[in-house]
Amino acid sequence: MKNWNIADHHTLFLEKASLLNAPVLTMNFDLILPDALQLKQFYLYTKGFTDFYPWSTYYGSKQLNYPTDGFGIWYINGCIKYPRSIRLGLSHYMGSVERARNMIQKGEDNLYRTKHPDNWSGCKTWLHRIFHRSLCIFGLELDENEVFLRWLLIERAKYFRKFPDRKRKGWYVVKKPSLPDERYKGKNIFSKKSDLK
């Protein structure tokens, strides 16, 4: 990854996201995206920070109060800067599911119990972005091995069913194969059940 270079499409994409003031969640591990715009690293909070789950860390041009407040690049499956944070397989993904579940479903300040959507234990992590902004997924296969992201999308759909006034839009952009197979059909069903168009 150290030898990978910034390409024009990286810069164009990030310039557009910055112009729209839209957060970017990436599954990549490298720092090409923040380097494309020479962004700095920020922390929403440092209490309990761990390089194993640096979910309150982002790259941007300014300090934000919440991940939904504006443009920034967030790393879902870890970042090369924190090697222990990199998630590569099922056991790693399940660890992420358990950590997220503790914020989303457990305790007094979980996502489902809070009266105000900006006041739950995951509000200062990129998880807040998943549940409180519209979501466009592209450049990602969203295969069956993406256990963590698929679980989050299911939780997102459940959250919107419980709080319909908080519902946000969602899109999954993928190139349609010339001969759709069963896996493509399965992704189509999953997208519809997850409220992605």
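Check the entry above for the structure.
In what follows, the accompanying structure is described.

Conventions adopted
- Every chain begins its residue count from 1, and numbering advances along the sequence as written.
- Local features in a predicted model are, by the rule used here, given only for residues with pLDDT of at least 70; side-chain atom pairs are given and counted only at 80 or more, and totals for whole chains, interfaces and linings are based on all residues.
- Neither water nor hydrogens contribute to the side-chain values; these are computed over all heavy atoms in the structure.
- The term salt bridge refers to a side-chain nitrogen of Lys or Arg lying within 4 Å of a carboxyl oxygen of Asp or Glu.
- Strands here are runs of E lasting at least two residues and helices are runs of H or I lasting at least four, both read from the DSSP assignment and numbered beginning at the N terminus.
- Categorising residues by exposure relies on relative accessible area from a 1.4 Å probe, with only protein chains included: less than 20% of the type maximum marks a residue as buried, more than 50% marks it as exposed, and the intermediate range marks it as partly exposed.
- Ring pairs shown here join Phe, Tyr and Trp side chains whose ring centres sit within 6.5 Å, with only the six-membered ring taken for Trp; geometry is labelled stacked below 30 degrees between planes, edge-to-face above 60, and tilted in between.
- In our convention, an over-ring charge means Lys NZ or Arg CZ found within 6 Å of a ring centre and within 35 degrees of that ring's normal.
- Expected helix span is computed as 1.5 Å times (number of residues minus one).
- Starting at the helix axis, one direction is taken to each C-beta atom, and the arc is that of these directions.
- In what follows, a contact means two residues having at least one pair of non-hydrogen atoms within 4.5 Å.
- Two N or O atoms count as a polar contact when they lie within 3.5 Å, although within protein this holds only if one can serve as hydrogen donor and the other as acceptor, and sequence-adjacent residues are included solely when both atoms are side-chain atoms.

1. Quick word on the pattern of salt bridges
Tallied over the full model, the rule gives five salt bridges. Residue Arg84 pairs with Asp51 through a salt bridge whose shortest N-O separation is 2.8 Å. One end of the pair, Arg84, is in the loop between strand 4 (72–75) and helix 3 (90–104); the other, Asp51, is in the loop between strand 2 (40–43) and strand 3 (57–60), and 33 residues separate them in sequence. Residue Asp51 is classed as partly exposed on the basis of its relative accessible area, which comes to 26%. Taking the shortest distance from any N to any O, the salt bridge between Lys158 and Glu155 comes out at 2.9 Å.

2. Topic: the packing of aromatic side chains
Inspection of the entire model under this criterion finds 16 aromatic pairs. Between Phe42 and Tyr58, the ring centres sit 5.5 Å apart and the planes meet at 20°, which makes this aromatic pair stacked. Of this pair, Phe42 sits in strand 2 while Tyr58 sits in strand 3; the two residues are 16 residues apart in sequence, bridging distant segments of the chain. A residue is classified by how much of its surface remains accessible, and Tyr58, at 0% relative accessible area, is buried. Taking NZ or CZ as reference, Arg87 lies 4.4 Å from the ring centre of Phe52, over its face.

3. Structural notes on helix 6 (residues 182–193)
For helix 6, which comprises twelve residues, the first-to-last C-alpha distance of 16 Å matches the rise-based estimate of 16 Å (1.5 Å per residue) to within 8%. Those residues of helix 6 that sit buried are Lys187, Phe190 and Ser191. Seen end-on, helix 6 carries its buried residues on one side only, within an arc spanning 100°. Turned more than 90 degrees from where helix 6 packs its buried face, Glu182, Ile189, Lys192 and Lys193 sit exposed. Contacts from the buried residues of helix 6 go to helix 5 (147–162) and strand 6 (170–173). The backbone nitrogen of Arg183 has a side-chain oxygen 3.3 Å away, supplied by the residue at the start of helix 6, namely Asp181.

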